[in-house]
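Remarks on the overall topology
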Amino acid sequence: MRVHIKKDYDELSRWAANYVVYRINKHRPSPRRPFVLSSPSGSTPLGMYKYLAQAYKEKKVSFENVVFFGTGEYVGMGAGDEHGFQYFLWDKFLKFVNIKKEHVYFLNGLTTDLEKECHNYEKNIQKYGGINLFIGGVGIDGHIAFNEPYSSLVSRTRAKTLTPSTLKANSKFFDNDVSKVPPVVLTIGIATMMDAEEIMIMANGEQKAEAVKQAIEGPVTHVWPISVLQQHPHASIICDDSATTELSKETIEYFKGLEKNNPQFI
């Protein structure tokens, strides 16, 4: 696992966007060999999306041959719902780049057959040969996408019931009213994420410090789903200084020193 520690949220966001641009361009995507990206909604990636849109505007990257998979959707919400993840990602990111609509996939929260919807989503991912870069945030309880604590580490795309802490965290998008937050979501599974060629998790703020500590220094356990990153050959955590306050001094010094002294490996 690599850990990149940045000064603040803006530096974190800029670094993450630059890395996405680098990965897309290195892949040299074409119609027959697209770059497959999966990325979440939420407040954490907003800065990255801003810089990605800027990079496209400056012609540093093209999304013409990028295929995009959302990481989840509320059950009961569809493309036109302003509180849904589809709406969020189009509004905050996708509409600002040249991605083709037929290359964008979201789970349908309005489906009458949740199991079939999730099965078909997995089939669509496999149709493209899997995900090249999976980007995620992390909850204060260590959840990735909506794989809440105690999720199976070999889970696939499925329906999940949200924990009280996640409902509370997401209530900021629902007028701070927890009762308005849909309690069930469709989400990419942990095994689905782990099948990706590369995983990049973003974490900012002191409230994410315990989750970052468990991811890096704790054991692999379904109590902290983020800890499964330890078993991926190409996983990284991009965080700001405030998200490292629970890490040991030795851990912080190691990763900061690695990036400073061995830039060829970053």
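Before reading further, recall that the structure is shown in the block above.
A brief look at the structure comes next. (Residues numbered from 1 in each chain as written. Predicted model: local features only at pLDDT ≥ 70, side-chain atom pairs only at ≥ 80, totals over all residues. Heavy atoms only, no water.)

Let us look at the packing of helix α1 (residues 9–27) against helix α2 (residues 46–57). As a packed pair, α1 and α2 sit with axes 8 Å apart at the nearest point and diverge in direction by 50°. As summarised for this structure, α1 and α2 are arranged oblique, according to the angle between their axes. Crossing geometry of α1 relative to α2 is assigned as right-handed. Judged by residue contacts, Tyr-9, Asp-10, Ser-13, Arg-14, Ala-16, Ala-17, Val-20 and Val-21 of α1 engage Leu-46, Gly-47, Met-48, Lys-50, Tyr-51, Leu-52 and Ala-55 from α2. Residue classes in the contact of α1 with α2 are distributed as 10 nonpolar, two polar and three charged. (Axes fitted to C-alpha atoms, helices over the stretch in contact; angles between N-to-C directions. Helix = DSSP H or I, 4+ residues; strand = E, 2+ residues; numbered from the N terminus. Parallel < 35°, antiparallel > 145°, perpendicular 65-115°, else oblique. Left-handed = near helix turned anticlockwise from the far one by under 90°. Contact = heavy atoms within 4.5 Å. Nonpolar A, V, L, I, M, F, W, Y, C, P; charged D, E, K, R; others polar.)

Our focus in this paragraph is unusual backbone geometry. Although it is not a glycine, Lys-59 sits at a positive phi angle of roughly 60°. Relative to the elements of secondary structure, Lys-59 occurs in the loop between α2 and β3 (66–70). At Asp-175, a residue that is not glycine, the phi angle is positive and equals roughly 55°. Looking at the secondary structure, you find Asp-175 in the loop between α5 (164–170) and β8 (184–187).

Before going further, it helps to spend a moment on the layout of surface pockets. Put simply, the largest pocket is a space of about 770 Å³. Where the lining of the largest pocket is concerned, the elements lending two or more residues are β4 (72–74), α3 (85–92), β6 (133–136) and α5. Per-element accounting of the lining of the largest pocket gives the leading share, six residues, to α3. Tallied by class, the residues present in the lining of the largest pocket amount to 17 nonpolar, 19 polar and six charged. (1 Å grid on protein atoms, 1.4 Å probe; cavity = no way out; pocket = protein on both sides within 12 Å on 5 of 7 lines; lining within 4 Å. Points joined across faces, edges and corners; volume = space filled by probe spheres on them.)

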